[in-house]
Amino acid sequence: MNLHQFAETHEVTNQPPSLDGANLWRVDLPLQDWVRRCGGGWAESRIDAYGALAGGPLMAAGFLANQNKPVFSSHDRYGHRIDLVEFHPAYHELMRTAVEHGLPSLPWADPRPGAHVARAGMTYLHTQAEAGSGCPLTMTFASVPALKLQPDLAEQWLPKVLATEYDPRNVGMAHKAGVTLGMAMTEKQGGTDVRANTTRAFAVGVPGPGQAYELVGHKWFCSAPMCDAFLTLAQTDKGLSCFLLPRHRPDDTRNEFYIQRLKNKLGNCSNASSEVEFRGALAWMIGEEGRGVPTIIEMVAMTRFDCMVGSSALMRQALTQAAHHCAHRQVSGRVLADQPLMQNVLADLALESEAALALSLRMGQALDHLDDGQQTRFARLMTAVGKYWVCKRAPAMINEAAECMGGAGYVEDSILPRLYREAPVNSTWEGSGNVQCLDVLRALSKEPGVLDALFAELGDGHGDRRLAAHIDNLKAAFKDTTDIQYRARQLTEDIALGVQAKLLLDAGNAAVSDAFIASRLSGSGRVYGALPRGIDVEALVQRSSPFSN
Ligand SMILES: Cc1cc2nc3c(=O)[nH]c(=O)nc-3n(C[C@H](O)[C@H](O)[C@H](O)COP(=O)(O)OP(=O)(O)OC[C@H]3O[C@@H](n4cnc5c(N)ncnc54)[C@H](O)[C@@H]3O)c2cc1C
């Protein structure tokens, strides 16, 4: 008897084929549709090329960069202070590829209509491969509108911010062709309440915009501390002001910027987040003295936009993995994706993913048309609405996608645990959930025309009586201002759902818009997979599955 044949316990069956190397653009029909729809179609070949990278080498680098967390050294072996954070080469590969493909710079360097959409499309692909590197990429991208408020500093820094060259060396900006930027606002006593900042700025000579100051104080969160400079808030006699604080002084010596330690985070592991102290750090004032919050908000608005793009991307990658798994995995002799209850779950996840993408790219489209007042007001409101809603939806959606994969979705070899740990950060940083909802109220009450811009976008329901009723309810909810703060989450959610429904209706895919409206505007289950009867789940599953189109 050949005992060897009984020892063969590992014939692998009933496992999906590998997704490694899949072009993330080509396997994503909704992304292709929405990029074209929102005006980014001219960049298709560029996004396609990035899709191949994201699904191939960047995906592999993403695993390595997260398994090998950044390491902080305060001193060298001789006792000199060095404040050095070292990253795995895979992290640098992610950064280099993104910078060289214009992820932090495209819409500023080539500001034609559709550029924000194209960049958001590429960021969507990059984030699916690896999200942590997105932190310095987005901060660099977002710094541009704030830097432009101080033309003398912008002239010096912008060419390097917009250069498609990544240089991680620990040297002054004069020696680099390309730089990255971060931001430092949050202090121990207040993150939301930045007005409680205690960091002080002292003028070196003449005070005022563009002038040199020395900063003394701390920041409780300062991510990507190896960036070349940080937009920083500090107090002067006229109040909170914004500064550009480089890591090196113009004479090439290290600035008085000291990293205390790295944060030990839930996720976002490839990215370093630190606590820092300034002990007379040289910095230059950006914008008007005492107007630090409005100045840095120019940057924060863009990072909030990227939070929504990022959470949409995390959801899409979770869906891609789940849909692929279920298209191949059989249970009780039937492929999971053909079984009605799993179809209900997958279709529901696909709806969430596409609605998040639609809202994010519609926001990108608005950013591409800020010369139009209606688009500016829409973008003002939807930055807060989308940051709140899309980021809030991601963790539960990703959890459900992981469950579709059974035990495989709980294991680190799959990307699902990383996506799940990553998801909550987008709803916390750059202003947490409640802060976004309060900002929605602020935009609606303080900025003329914002409510009109919202209802102009929503229209009359586009022939759908359920959406028309939702819009009427929303109008009534805004007329009554009693307890409006208490109701702010519900109002924000209702705006988000109304706009998502309208975008999906306009796009003309009835299977998607009908299912979204039936499940989101007419109240069904409180978990995913409780879609009402009559939904074309097969069409939804088909549309979202990689390789099915
Ligand atoms: C991984 C990570 C990286 C970060 N990187 C940076 C960075 O690079 N630079 C930087 O400056 N910051 C950074 N942050 C800080 C982040 O932006 C803050 O943590 C965030 O803004 C919340 O501030 P806080 O932690 O002080 O919480 P708090 O301000 O204490 O808020 C606590 C809670 O109260 C809620 N809240 C606040 N006001 C109200 C209100 N009026 N009504 C109801 N609820 C309210 C908030 O929504 C929040 O949920 C980072 C955070 C994390 C987690």
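Residues numbered from 1 in each chain as written. Predicted model: local features only at pLDDT ≥ 70, side-chain atom pairs only at ≥ 80, totals over all residues. Heavy atoms only, no water.

## Quick word on the nonpolar core
Judged by nonpolar contacts, the single largest core of 173 residues is most densely connected at Ile 398 and Ile 495. At 16 residues, the largest contribution of residues to this core is made by helix α11 (residues 340–367). The contacts of Ile 398, once residues within four sequence positions are left out, are Leu 314, Met 315, Ala 318, Leu 416, Leu 419, Tyr 420 and Ala 423. (Core = buried A, V, L, I, M, F, W, Y, C linked by side-chain atoms within 4.5 Å. Buried < 20%, exposed > 50% of the residue type's maximum accessible area, 1.4 Å probe, protein only. Helix = DSSP H or I, 4+ residues; strand = E, 2+ residues; numbered from the N terminus. Contact = heavy atoms within 4.5 Å.)

## Thoughts on the site of the ligand
Taken together, 21 residues form the shell around the ligand, and within it Met 185, Thr 186, Gly 191, Thr 192 and Ser 223 come nearest. Interatomic distance of 2.8 Å between a backbone N/O atom of Gly 191 and an oxygen atom of the ligand. Asn 434 places a side-chain nitrogen or oxygen 2.9 Å from a nitrogen atom of the ligand. Against a free-state accessible area of 980 Å², the protein chains account for coverage of 67% of the ligand. Looking at the shell around the ligand, the elements that each hand over two or more residues are β3 (181–184), β5 (212–223), α13 (416–428) and α14 (433–446). Broken down by class, the residue content of the shell around the ligand amounts to nine nonpolar, 10 polar and two charged. (Near = heavy atom within 4 Å. Polar contact = N/O pair within 3.5 Å; in protein donor to acceptor, adjacent residues only side chain to side chain. Areas by Shrake-Rupley, 256 points an atom, 1.4 Å probe, with all protein chains shown as cover. Nonpolar A, V, L, I, M, F, W, Y, C, P; charged D, E, K, R; others polar.)

## A look at the packing of helix α12 (residues 373–404) against α14
Where α12 contacts α14, the two axes come as close as 9 Å, and the packing angle between them is 155°. Here α12 is positioned roughly antiparallel relative to α14, judged by the angle of their axes. Here the hand of the crossing between α12 and α14 comes out left-handed. Counted together, Arg 380, Leu 381, Thr 383, Ala 384, Val 385, Lys 387, Tyr 388 and Lys 392 of α12 and Gly 433, Gln 436, Cys 437, Asp 439, Val 440, Ala 443 and Leu 444 of α14 form the full contact between these two elements. Grouping the amino acids of the contact of α12 with α14 by side-chain chemistry returns eight nonpolar, three polar and four charged. (Axes fitted to C-alpha atoms, helices over the stretch in contact; angles between N-to-C directions. Parallel < 35°, antiparallel > 145°, perpendicular 65-115°, else oblique. Left-handed = near helix turned anticlockwise from the far one by under 90°.)

## Focus on the pairing of strand β6 (residues 229–236)
Looking along a regular strand, one sees the side chains alternate between the two faces of the sheet. Within β6, eight of the eight residues are buried, leaving the element largely enclosed by the surrounding structure. Neither face of β6 is exposed, since Ala 229, Leu 231, Leu 233 and Gln 235 on one face and Phe 230, Thr 232, Ala 234 and Thr 236 on the opposite face are all buried. Both β3 and β6 contribute to a ladder of four bridges, which runs parallel. Its bridge partner lying in β6, Leu 181 is registered against Ala 229. In the sheet, β6 pairs with strand β7 (residues 239–246) via eight bridges, with the strands oriented antiparallel. (Pairing = 2+ DSSP bridges.)

## With respect to α14
One turn of the α-helix equals 3.6 residues, which is why residues spaced by three or four share an orientation. With 14 residues, α14 should reach 20 Å at 1.5 Å per residue; the first-to-last C-alpha distance of 20 Å fits that figure. On its buried face, α14 is in contact with α10 (292–328), α12, α13, α15 (450–458), α16 (465–479) and α17 (488–507). (Expected span 1.5 Å × (residues − 1).)

## Quick notes on α10
Taking 1.5 Å per residue, 37 residues should reach 54 Å; α10 reaches 54 Å between its end C-alpha atoms and fits that length. Remark: the principal bend of α10, roughly 35°, maps to Glu 298. The element α10 is extensively covered by neighbouring structure, given that 31 of its 37 residues are classed as buried. (Bend = angle between axes of the 7 residues up to and from the residue.)

## Some remarks on the packing of aromatic side chains
Considering all chains together, one arrives at six aromatic pairs under this definition. Centre to centre, the rings of Phe 257 and Phe 278 are 6.1 Å apart; their planes meet at 25°, and the pair counts as stacked. In this pair, Phe 257 is assigned in strand β8 (residues 257–262) and Phe 278 in strand β9 (residues 273–286), connecting sequence segments 21 residues apart. Accessibility classification places Phe 257 together with Phe 278 in one group, the buried group. Lying across the ring of Phe 63, Arg 418 places its NZ or CZ 4.7 Å from the centre. The residue whose ring lies beneath Lys 475 is Phe 455, and the NZ or CZ to ring-centre distance is 5.3 Å. (Phe/Tyr/Trp six-rings, centres within 6.5 Å; stacked < 30°, edge-to-face > 60°. Lys NZ or Arg CZ within 6 Å of the ring centre and 35° of its normal.)

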